[in-house]
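Residues per chain are reported as follows:
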Amino acid sequence: AVVSVMILKKPILWENEKVQVVLLLNVPKSQYNMWEVVFKRLYQYLIGDQGVTKLIKDKDYDDFICHLEGNIMESLVLNKDNVKLKVKASDWEEAVRIGAGMLVEQGCAKQSYVDGIIASVKELGPYIVIADGIAMPHTRPEQGAIGIGCSLITLDQPVKFDGDDSEVKVMICFSAVDSESHMDILKMIVEFVERGLIDDIAKATTYEELLEVIKEK
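Residues numbered from 1 in each chain as written. Predicted model: local features only at pLDDT ≥ 70, side-chain atom pairs only at ≥ 80, totals over all residues. Heavy atoms only, no water.

A. Spotlight on the overall build of the protein. Across its full length, the protein carries eight helices and seven strands. By residue count, 45% of the 217 residues in the protein fall in the buried class. Of the contacts made within the protein by residues no fewer than 6 positions apart, 62% connect residues no fewer than 24 positions apart. For the protein, the exposed area adds up to about 12,000 Å²; of that, 51% sits on carbon and sulfur atoms. (Helix = DSSP H or I, 4+ residues; strand = E, 2+ residues; numbered from the N terminus. Buried < 20%, exposed > 50% of the residue type's maximum accessible area, 1.4 Å probe, protein only. Contact = heavy atoms within 4.5 Å. Areas by Shrake-Rupley, 256 points an atom, 1.4 Å probe, with all protein chains shown as cover.)

Shown next as structure tokens:
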């Protein structure tokens, strides 16, 4: 997504309303289902949190940029349609099928992409376990990726992968059409690990609790 902000030196009249901040949000077609979530976050910052005043009077651009790079990016990536909490799975393969299957439901990947992840893990080992407690199921775009997408699931009971002792309780699956288009997702995952959020994410029982964990720490 691309966000453009223009702050006018003086207000202008726009349909009988004085306007001094113009914000343009360009959301990719594949992320249209996230539009409402993103709009609500922006509205909360600009109106509820007095963000408009900060921008016009205080010229607090750093705060605005920080907000966009944090909560807004998380809104673009995570939403109620691609998050499932406390999922029951008998083993890692079932967990991957559930998580990666959500990419298929979103129209971001074909079923072959899900099968490709599982085949790659069986062939190459647990390369998708990137840190203690978290796995990042993904495979090569040519295996069936259609667009950029991700899903997050937490497991009711942790699962283990052959060849790795880590008990995985959080899985973030993603699909991407090239090596650069998924960088926002990767940055978000790395941030979760660096901020020590994995345990708290795993404990969340509702989507709202998950957002609070991400937002507060």
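The structure having been displayed, the exposition proceeds.
B. Fine view of the side chain of Ser-175. For Ser-175, the location among the structural elements is in strand 7 (residues 168-175). A distance of 3.4 Å separates a polar side-chain atom of Ser-175 from the backbone oxygen of Cys-108. A distance of 2.9 Å separates a polar side-chain atom of Ser-175 from the backbone oxygen of Gly-147. (Polar contact = N/O pair within 3.5 Å; in protein donor to acceptor, adjacent residues only side chain to side chain.)

C. Broad picture of the sheet that holds strand 6 (residues 149-159). On the basis of which strands lie adjacent, the open sheet formed by five strands has the order 3-6-7-5-4 and mixed pairing. Each edge of the open sheet carries a strand with a single partner, namely strand 3 (83-87) and strand 4 (129-131). In this structure, strand 4 lies alongside strand 5 (residues 134-135), joined through two bridges in antiparallel fashion. Bridge pairing in strand 5 places Val-129 opposite Ala-135. Strands strand 3, strand 6 and strand 7 of the sheet are contacted by helix 4 (residues 92-105), whose axis makes an angle of about 155 degrees with strand 6. (Pairing = 2+ DSSP bridges. Axes fitted to C-alpha atoms, helices over the stretch in contact; angles between N-to-C directions.)

D. Representation of the pattern of salt bridges within the structure. Tallying each qualifying case throughout the model produces eight salt bridges. Taking the shortest distance from any N to any O, the salt bridge between Lys-122 and Glu-93 comes out at 3.3 Å. Residue Lys-122 is located in helix 5 (residues 111-124), and its partner Glu-93 is located in helix 4; the two are separated by 29 residues in the primary sequence. Measuring nitrogen to oxygen at the nearest pair gives 3.3 Å for the salt bridge that ties Arg-140 to Glu-142. Judged by its relative accessible area of 61%, Glu-142 falls in the exposed class. Here the residues in one salt-bridge network are Glu-93, Arg-97, Asp-115 and Lys-122, joined through shared partners. (Salt bridge = Lys/Arg side-chain N within 4 Å of Asp/Glu carboxyl O.)

E. Fine view of helix 5. Counted at 1.5 Å a residue, the expected span for helix 5 with its 14 residues is 20 Å, and the 20 Å between its end C-alpha atoms agrees. By the burial criterion, the buried members of helix 5 are Tyr-113, Val-114, Gly-116, Ile-117, Ile-118, Ser-120 and Val-121. Those residues of helix 5 that are buried are in contact with helix 4 and strand 7. In the stretch just after helix 5, Gly-125 is the one whose phi turns positive, near 95 degrees. (Expected span 1.5 Å × (residues − 1).)

F. Molecular detail of helix 4. An ideal rise of 1.5 Å per residue puts 20 Å on 14 residues; helix 4 measures up with 20 Å between its terminal C-alpha atoms. Within helix 4 the residues assigned to the buried category are Trp-92, Ala-95, Val-96, Gly-99, Ala-100, Gly-101, Met-102 and Leu-103. Where the residues of helix 4 are buried, they touch strand 3, helix 5, strand 6 and strand 7. Looking at where helix 4 begins, the residue whose side-chain oxygen comes 3.3 Å from the main-chain nitrogen of Glu-93 is Asp-91. Just past helix 4, the residue Gly-107 takes up positive phi, approximately 80 degrees.

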